[in-house]
Amino acid sequence: REEVPAVPIFGGELYGVDVTKLLHKIYLYREDDEIEEGLCYRLFTVIETAVPQVEFLLPTLTAMVLQAGGEMRFLTRELVRLSMMSTHFALLLFWSVQTVSIRDPESAERIQRGMASCAFAGKADARVARLLWLVSLAIATG
């Protein structure tokens with residue numbers, strides 16, 4: 001089994017924390033709210049001062065939030081918190097949500113109809129709509 005190299009930030013570990021391993025642990029323990037909350041808080045303390053350097057993680061973070069089996073509300077909270085700190089980050093996250101979740105024109109229209117009526121075709125559409133709404137709110141209040 002080949003080991004996947006860690007994603008370096010600032011040329012290596014940031015403040016002694018390997019961000020790739022931390023993300024892996026967040027995904028691994030996503031079913032346990034207490035562990036996920038602690039790991040997400042640790043992630044936030046590590047990257048809150050390095051928002052520009054962590055932008056390349058957005059596709060991974062977005063996919064984790066949108067495609068995980070359960071809700072990852074703590075990781076979502078940290079992404080929204082980062083979006084409130086940086087409008088640029090928020091716009092990139094908004095774009096990332098759209099590119100990860102919307103595969104065809106019908107899905108975009110279905111999500112828009114769901115947002116207008118608060119009736120979604122499934123949990124995945126509701127998760128996408130909620131994240132788009134939260135990021136939009138972060139952009140508007142940021």
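Here the structure is shown first, and the text comes after it.
Procedures and definitions
- Residue positions are counted from 1 within each chain, in the order its sequence is given.
- Only residues with pLDDT of at least 70 get local features here, since the model is predicted, and only at 80 or more are side-chain atom pairs given and counted; chain-wide, interface and lining totals rely on the full set of residues.
- Excluding hydrogens and water, the side-chain figures rest on all heavy atoms present in the structure.
- Put simply, a nonpolar core is a bunch of buried Ala, Val, Leu, Ile, Met, Phe, Trp, Tyr and Cys residues held in one set by side-chain atoms that sit within 4.5 Å of each other.
- Accessible area is worked out with a 1.4 Å probe on protein chains only. A residue is then buried under 20% of its type maximum, exposed over 50%, and partly exposed in between.
- For helices the rule is a DSSP run of H or I covering at least 4 residues; for strands it is a run of E covering at least 2, with both sets numbered from the N terminus onward.
- Residues count as neighbours in contact if any of their non-hydrogen atoms are within 4.5 Å of one another.
- Patch criteria: residues need more than 30% relative accessible area and no salt bridge. Like-charged residues are merged within 9 Å; nonpolar side chains of Val, Leu, Ile, Met, Phe, Trp and Tyr are merged within 5 Å.
- Computed with the Shrake-Rupley method and a 1.4 Å probe, the accessible areas treat only the protein chains shown as cover for residues.
- What makes a salt bridge here is a side-chain nitrogen of Lys or Arg within 4 Å of a carboxyl oxygen of Asp or Glu, nothing more.
- Two N or O atoms count as a polar contact when they lie within 3.5 Å, although within protein this holds only if one can serve as hydrogen donor and the other as acceptor, and sequence-adjacent residues are included solely when both atoms are side-chain atoms.
- Working definition: a ring pair exists when centres of Phe, Tyr or Trp rings (six-membered ring for Trp) sit within 6.5 Å. Plane angles under 30 degrees give stacked, over 60 give edge-to-face, the rest tilted.
- Lysine NZ or arginine CZ positioned within 6 Å of the ring centre and within 35 degrees of the ring normal marks a charge as sitting over the ring.
- Note on definitions: angles span 0 to 180 degrees between N-to-C directions of axes, and those axes are lines fitted to C-alpha atoms, for helices only across the stretch in contact.
- Each angle gets one of four labels, with under 35 degrees taken as roughly parallel, over 145 as roughly antiparallel, 65 to 115 as roughly perpendicular, and the rest as oblique.
- Less than a right angle of anticlockwise turn of the near helix away from the far helix marks a crossing as left-handed, whereas a clockwise turn marks it as right-handed.

1. Digging into the nonpolar core
Move 1: Leu-23, Ile-26, Leu-43, Leu-66, Leu-75, Val-97 and Leu-131 are the most contacted members of the largest nonpolar core, which totals 35 residues.
Move 2: At the level of elements, helix H1 (19–28), helix H2 (33–47), helix H4 (58–67), helix H5 (73–85), helix H6 (87–101) and helix H8 (123–141) are the ones that each hand at least two residues to this core.
Move 3: Setting aside chain neighbours within four positions, we find Leu-131 in contact with Val-65, Leu-66, Thr-76, Val-80 and Val-97.

2. Some points on the environment of Arg-110
Move 1: Inspection of the secondary structure puts Arg-110 in helix H7 (residues 105–117).
Move 2: Among the residues examined, Arg-110 registers a relative accessible area of 31% and is labelled partly exposed.
Move 3: Residues Arg-110 and Phe-120, ten residues apart in the sequence, show an inter-C-alpha distance of 7.9 Å.
Move 4: Excluding anything up to four places from it in sequence, Arg-110 contacts Ala-121 and Asp-125.

3. Focus: a nonpolar patch on the surface
Move 1: Taken together, the side chains of Met-115, Phe-120, Trp-133 and Leu-137 define a hydrophobic patch exposed on the protein surface, amounting to about 370 Å² of accessible area.
Move 2: Counting through the fold element by element, Met-115 comes out in helix H7.
Move 3: What makes Met-115 partly exposed here is its relative accessible area of 36%.

4. A short note on the side chain of Thr-62
Move 1: Mapped onto the secondary structure, Thr-62 falls in helix H4.
Move 2: Engagement of the side chain of Thr-62 in a polar contact is seen with the backbone oxygen of Leu-58, the distance being 2.7 Å.
Move 3: Apart from the residues lying within four places of it in its own chain, the contact partners of Thr-62 are Leu-93, Ser-96, Val-97 and Val-100.

5. Digging into the packing of aromatic side chains
Move 1: Across all of its chains, the model carries zero aromatic pairs by this definition.
Move 2: Taking the ring centre of Tyr-27 as reference, the NZ or CZ of Arg-30 above it sits at 3.9 Å.

6. Points about the pattern of salt bridges
Move 1: The final tally for this structure, using the stated rule, is seven salt bridges.
Move 2: We note a salt bridge from Arg-73 to Asp-33, for which the minimum N-O separation is 3.4 Å. You can see Arg-73 sitting in helix H5 and its partner Asp-33 sitting in helix H2, a full 40 residues away along the chain.
Move 3: Where Arg-110 meets Asp-125, a salt bridge forms, and the shortest distance between an N and an O atom there is 2.6 Å. Remark: Asp-125 occurs in helix H8 and Arg-110 occurs in helix H7; sequence separation between them is 15 residues.
Move 4: For Asp-125, a relative accessible area of 9% gives the class buried.
Move 5: Beyond isolated ion pairs, a larger network of salt bridges with shared partners links Glu-37, Arg-77, Glu-78 and Arg-81.

7. Thoughts on the packing of H2 against H5
Move 1: Following both chains from N to C, one finds H2 and H5 inclined at 25°, their axes separated by 8 Å at the closest point. In terms of orientation, H2 and H5 fall into the roughly parallel class. The handedness of the crossing between H2 and H5 comes out as right-handed. Every residue of H5 that contacts H2 at Asp-33, Glu-36, Glu-37, Cys-40, Tyr-41, Leu-43, Phe-44 and Ile-47 is listed here: Arg-73, Phe-74, Leu-75, Arg-77, Glu-78, Arg-81, Leu-82 and Met-85.

8. Looking at the side chain of Ser-83
Move 1: Topologically, Ser-83 is positioned in helix H5.
Move 2: Note on Ser-83: relative accessible area 1%, which makes it buried.
Move 3: For Ser-83, the residues in contact, after removing those within four places along its chain, are Phe-89, Ala-90, Leu-93, Val-135 and Ala-138.

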